[in-house]
Amino acid sequence: MVNDSVVWLEEVGKEDIAIVGGKGASLGEMIRAELPVPRGFAVTAQAFRRFIDENGISDELFSALEVDVDDADILREAEKRAKKLILDAGISHDIEKSIISKYRELCKSEEDDAFVAIRSSATAEDLPDASFAGQQDTFLNIRGEEDVLEAVKKCWASLYGARAIYYRVKQGFDHRKVNLCAVVQLMVDAEKAGVMFSSHPSTGEPVTIIEGAWGLGESVVSGSVSPDYYAVDKRNRKITERRIAIKNIMHIKDPQTGKTVELPVPEDKRDDRVLDDDEILKLVELGDIVEELYGIPQDVEWAIKDKEIFMLQSRPITTIKKKKETKEKEAVSALLEGLGASPGIAYGEAKLISDASELGKVKDGDILVAVMTTPDMVPAMKRASAIVTDEGGLTCHAAIVSRELGCPAVVGTRKATSLLTDGILITVDGEKGLVFNGKKESEMARALDPEKTVSFARSKPITATEIKVNVSIPEATARAVETQADGVGLLRIEHMILGLPKHPKQYIKEGKADEYVNELVLRIQTVVDAFYPKPVWVRTLDAPTDEFRAMEGGEGEPIEPNPMLGYRGIRRDLIDTEHFELEVRAFRELIKRGYNNIGIMIPLVQHPSELRRAKEFMRSKGLDIDKIDIGIMVEIPAAALIIDQFISEGLDFVSFGTNDLTQYTLAVDRNNEHVAHLYNEMHPGVMKLIEHVITECNKVGVKTSICGQAGSNPKVAKRLVELGITSISANIDAVETVREMVARTEMQLILKATREMK
Ligand code: PEP
Ligand code: MG
């Protein structure tokens with residue numbers, strides 16, 4: 001065992017975990033096994049301890065951490081105080097000297113001052129092998145004595161990052177007993193890098209999985225780029241899969257500043273293969289050695305420079321470990337974590353679908369796995385027992401359709417299509433957003449829990465606020481009717497159109513506009529008929545161009561930098577009047593057939609003139625709009641702010657499209673899983689807009705409703721009832737709970753009013 005403050009990595013091994021942490025000890029072991037690890041040294045946990053003691057900041061530091069970690073503001077304040085204490089303190093002369101002398105030694109192999117990476121390796125005194133992976137920071141491309149010393153301190157300070165504090169408290173670790181070793185290693189200026197699982201990360205089979213992308217490994221580790229994917233069967237050394245991804249960004253060292261920067265990958269390299277077969281097989285060999293060294297499958301970070309392979313770190317694959325029981329621990333044992341988009345639990349065979357031509361692979365009960373679902377996948381989604389996607393947020397296509405189909409779904413996992421393989425058996429928990437390897441008995445038991453089973457058989461409370469339901473695909477009609485909703489608050493016709501065999505323009509081009517109108521009529525009729533005489537608010541077309549382009553004949557759809565802010569909603573119909581006219585013809589036909597329960601809802605309005613022009617157009621095409629309810633969706637903050645002007649234009653109802661209203665108010669792309677944590681439909685800014693609209697509409701008797709996802713959240717529903725909304729349209733699976741919450745809230749309001757009268 002070593003006892004210096006600063007030691008070379010080759011001097012440490014697994015017996016030194018208490019001194020250099022798991023990461024440091026593991027690197028030492030790898031060097032001993034002659035694996036290609038970049039040279040480096042460790043500033044030990046004892047040096048860190050001495051630093052705290054010598055500066056006399058111990059009491060202040062640890063008392064700063066005694067806070068309620070569930071309060072995000074207080075937690076952030078604790079982080080700030082603790083980090084400041086560390087960063088303001090000085091490193092003692094002898095530790096400083098040792099760090100500098102080892103750094104100078106490293107520089108000998110370089111022409112200049114060497115660039116180093118400084119990584120944290122935490123240790124817990126009672127539990128030497130406790131894993132704190134990913135809790136603390138790594139600093140790349142650090143150069144020069146002063147910067148190295150500063151980065152060591154920053155590394156130490158990262159032990160008191162909010163996430164790390166939270167994690168330790170929740171896991172019951174005493175802050176005083178957790179120390180941090182800083183590992184300083186020569187930087188590998190990687191041309192390409194990635195991760196490798198020395199055995200299959202979910203099944204533990206002898207199959208090595210390698211992911212790689214251009215530049216430093218940051219892009220792969222953080223999930224910001226879709227990497228290439230290679231699989232090698234170790235039994236016969238055969239490369240069984242080579243999936244080449246489009247790699248749009250990379251992290252590299254800026255030659256000027258030495259800092260790590262994110263850059264676009266040069267056009268000609270984007271779809272180039274990152275690893276050749278030779279490199280793949282060499283990596284597999286190294287994976288075998290490291291697996292043998294530790295006796296269990298390893299998750300390795302690798303990098304390649306000038307054809308030379310380096311192993312940056314290695315740790316056991318936790319996903320094959322024994323399952324644990326608590327929710328947080330479950331997330332650790334899960335194979336994948338994403339957003340729970342549609343509740344329910346399912347177990348089945350994964351089937352990877354890259355486009356519609358592969359839909360036949362999905363048999364009844366299989367689990368459909370895709371980067372993102374598209375409308376032409378709906379037939380397969382109907383057969384699937386669950387859906388898992390790489391991309392998307394709670395209001396993406398996969399989320400909306402799976403909720404309507406009552407099919408459990410986890411979206412935005414980032415890695416499903418690269419981690420899962422065809423035929424592997426998995427359990428999907430659509431409520432918690434987790435995907436497990438094999439059959440997860442505890443989850444399956446929960447699925448059978450009668451409390452969890454949605455049933456519409458219970459007696460239905462009567463509410464003054466109407467409770468409606470959202471429908472997007474005709475196939476969901478029966479389930480929607482079963483909810484006994486008071487009507488349909490949103491019928492999205494684009495999902496119906498996107499489910500047709502070809503783009504509307506293609507029908508027109510082939511002289512088959514009548515056929516197209518007929519298709520539209522049939523699909524809408526399925527819903528308006530099933531609900532008759534209850535009202536069905538049919539929304540005019542609102543499909544983003546990227547979804548339309550995928551259809552046969554959809555090549556003419558414009559390519560937009562940001563389709564969410566682009567050519568969609570009423571702005572599209574007012575330009576493409578050829579299509580708008582066909583929609584109007586469909587509405588006329590339905591009314592002719594006797595369906596007087598139709599209302600028309602205009603999406604994405606931003607100025608009253610759009611409402612005026614849409615009404616004028618419909619009237620000019622023979623639709624008697626005075627006989628039907630006409631309304632708008634409030635999805636753009638501007639429309640909410642000048643709602644009085646829309647009212648003056650003449651309308652019967654407004655409906656909050658909170659999926660869009662939230663994204664436009666908060667500048668958070670609703671389909672982007674990277675910013676999903678900022679997507680908050682209850683943000684005070686969003687609620688304020690809603691409140692303003694309800695107040696204005698109530699003054700003049702214009703009906704108000706909500707059809708965005710937020711309406712399915714009982715908490716939001718409660719608030720909206722308090723604000724005086726006239727109806728709420730929820731997802732099929734949420735109707736019952738929302739109805740109960742609305743009934744209770746109404747009772748509370750009545751009680752309160754009665755008490756106040758006394
Ligand atoms: C909304 O924006 O809330 C909405 C219901 O419309 P869509 O999700 O179809 O954009
Ligand atoms: Mg919308």
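Residues numbered from 1 in each chain as written. Chains lettered and ligands numbered in written order. Predicted model: local features only at pLDDT ≥ 70, side-chain atom pairs only at ≥ 80, totals over all residues. Heavy atoms only, no water.

- Per an unreviewed UniProt entry, the protein chain carries the name Phosphoenolpyruvate synthase and comes from Candidatus Methanoperedens nitratireducens.
- Its UniProt record, at the heading Pathway (unreviewed entry), says of the protein chain: "Carbohydrate biosynthesis; gluconeogenesis."
- For the record of the protein chain, the UniProt heading Cofactor (unreviewed entry) holds the text "Mg(2+)". (UniProt positions renumbered as here; feature names shortened; annotations may be inferred.)

Remarks on the overall build of the protein chain
No. 1: Summing up its helical and strand segments, the protein chain has 28 helices and 29 strands in all.
No. 2: Relative to the globule expectation of 27 Å for 758 residues, the C-alpha radius of gyration of the protein chain, 30 Å, shows essentially globular dimensions.
No. 3: If one aligns the C-alpha atoms of the protein chain with their principal axes, the spans along those axes are about 90 × 70 × 55 Å.
No. 4: Sorting the 758 residues of the protein chain into buried and exposed places 55% on the buried side.
No. 5: Of the contacts made within the protein chain by residues no fewer than 6 positions apart, 66% connect residues no fewer than 24 positions apart.
No. 6: Per element, the accessible surface of the protein chain, about 32100 Å² overall, is 50% carbon and sulfur.
No. 7: Distance between charge centres in the protein chain, computed from 98 positive and 125 negative side chains, equals 3 Å. (Helix = DSSP H or I, 4+ residues; strand = E, 2+ residues; numbered from the N terminus. Rg over C-alpha atoms; globule rule 2.2 N^0.38 Å. Buried < 20%, exposed > 50% of the residue type's maximum accessible area, 1.4 Å probe, protein only. Contact = heavy atoms within 4.5 Å. Areas by Shrake-Rupley, 256 points an atom, 1.4 Å probe, with all protein chains shown as cover. Lys, Arg positive; Asp, Glu negative; His and termini not counted. Charge placed at Lys NZ, Arg CZ, Asp CG, Glu CD.)

Things to note about the sheet that holds strand β4 (residues 138–143)
What links the strands of a sheet is backbone hydrogen bonding, and the strands pair in either a parallel or an antiparallel sense.
No. 1: With respect to topology, 5 strands assemble into an open sheet ordered β1-β2-β5-β3-β4, the strand pairing being antiparallel. A single partner strand is all that each edge strand has here, and the edge strands are β1 (6–8) and β4. Ignoring which end each strand starts from, the neighbouring axes of this sheet average 25° apart.
No. 2: Lying over the sheet, helix α1 (residues 17–32) contacts β1, β2 (40–43), β3 (115–124) and β5 (178–186), oriented at roughly 125° with respect to β3. (Pairing = 2+ DSSP bridges. Axes fitted to C-alpha atoms, helices over the stretch in contact; angles between N-to-C directions.)

Some thoughts on the pairing of strand β7 (residues 207–214)
No. 1: Of all 8 residues in β7, 8 are buried; the element is thus mostly enclosed.
No. 2: Both strand β6 (residues 192–197) and β7 contribute to a ladder of 6 bridges, which runs antiparallel. Residue pairing for β7: phenylalanine 197 is matched across the bridge by isoleucine 209.
No. 3: Pairing of β7 with strand β8 (residues 228–233) involves 6 bridges; the strand directions are antiparallel. Bridge assignment links valine 207 to a residue of β8, and that residue is aspartate 233.

Side note on the coordination of the magnesium ion (ligand 2)
No. 1: The protein atoms that coordinate the magnesium ion (ligand 2) are Glu635 (OE) and Asp660 (OD), at distances spanning 2.0 Å. Here glutamate 635, found in the loop between β26 (629–634) and α23 (637–641), pairs with aspartate 660, found in helix α25 (residues 658–666); they are 25 residues apart in sequence, far enough to count as distant.
No. 2: Residue class for aspartate 660 comes out buried when judged on its relative accessible area of 2%. (Donors = N, O, S within 2.8 Å, 3.2 Å for Na, K, Ca; no water.)

Here we look at the sheet that holds β8
No. 1: Within the open sheet, the 6 strands sit side by side as β9-β8-β7-β6-β12-β13. Their pairing is antiparallel. Edge positions in the sheet fall to β9 (238–243) and β13 (308–316), since each of these pairs with one other strand and no more. Neighbour-to-neighbour, the strand axes of the sheet open up by a mean angle of 20°, direction not taken into account.

Brief notes about empty space enclosed by the protein
No. 1: As enumerated under the stated definition, the model contains 3 cavities of 30 Å³ or more in all.
No. 2: Its boundaries defined by the atoms lining it, the largest cavity holds a volume of some 70 Å³.
No. 3: The wall of the largest cavity is formed by Thr395, Ile400, Arg403, Glu404, Asn470, Arg492, Asn659, Cys707, Gly708, Gln709, Asn731 and Ile732.
No. 4: Broken down by element, the lining of the largest cavity gets its largest block of residues, 3 residues, from helix α12 (residues 397–405).
No. 5: In terms of residue class, the lining of the largest cavity is made up of 3 nonpolar, 6 polar and 3 charged. (1 Å grid on protein atoms, 1.4 Å probe; cavity = no way out; pocket = protein on both sides within 12 Å on 5 of 7 lines; lining within 4 Å. Points joined across faces, edges and corners; volume = space filled by probe spheres on them. Nonpolar A, V, L, I, M, F, W, Y, C, P; charged D, E, K, R; others polar.)

With respect to the site of ligand 1
No. 1: Taken together, 13 residues are adjacent to ligand 1, and Arg492, Arg539, Gly657, Asn659 and Arg670 come closest.
No. 2: Within the backbone of glycine 657, a nitrogen or oxygen atom sits 3.3 Å from an oxygen atom of ligand 1.
No. 3: Here ligand 1 loses 96% of its free accessible area of 280 Å² to cover by the protein chains.
No. 4: Counting residues per element, the ones that place at least two in the shell around ligand 1 are β23 (488–492) and α25.
No. 5: Taken together, the residues that form the shell around ligand 1 break down as 3 nonpolar, 4 polar and 6 charged. (Near = heavy atom within 4 Å. Polar contact = N/O pair within 3.5 Å; in protein donor to acceptor, adjacent residues only side chain to side chain.)

Considerations on helix α6 (residues 145–157)
No. 1: Under the 1.5 Å per step criterion, the end-to-end length of α6 is 18 Å for 13 residues, consistent within 8% with the ideal 18 Å.
No. 2: Within α6, burial applies to Val148, Leu149, Ala151, Val152, Lys153, Cys155, Trp156 and Ala157. (Expected span 1.5 Å × (residues − 1).)

Some words on the confidence of the model for the protein chain
No. 1: Overall, the prediction assigns the protein chain a mean pLDDT of 88, with 92% of residues at 70 or greater.
No. 2: Note on residues 320–328: pLDDT is under 50 here. Beyond four places in sequence and across chains, it has 17 contacts.
No. 3: Note that pLDDT drops below 50 for residues 448–458; the model gives that stretch 11 contacts with residues more than four away or on any other chain. (pLDDT = per-residue confidence, 0-100.)

Concerning the nonpolar core
No. 1: If you look at the biggest cluster of nonpolar residues, it comprises 108 residues, and the most contacted ones within it are Ile524, Ile632, Leu720 and Ile728.
No. 2: It is helix α18 (residues 513–531) that contributes the most residues to this core, 9 residues altogether.
No. 3: Mapping this core onto the domain boundaries places at least three of its residues in each of domain 3 (333–448) and domain 4 (460–642 + 727–757).
No. 4: Those residues in contact with leucine 720 that sit more than four places away from it in its chain are Met687, Ile690, Ile694, Ile706, Ile725 and Ile728.
No. 5: In terms of nonpolar packing, the next biggest core, distinct from the first, is built from 48 residues, Phe41, Ala47, Val178 and Val184 among them. (Core = buried A, V, L, I, M, F, W, Y, C linked by side-chain atoms within 4.5 Å. Domains from an automatic or database assignment.)

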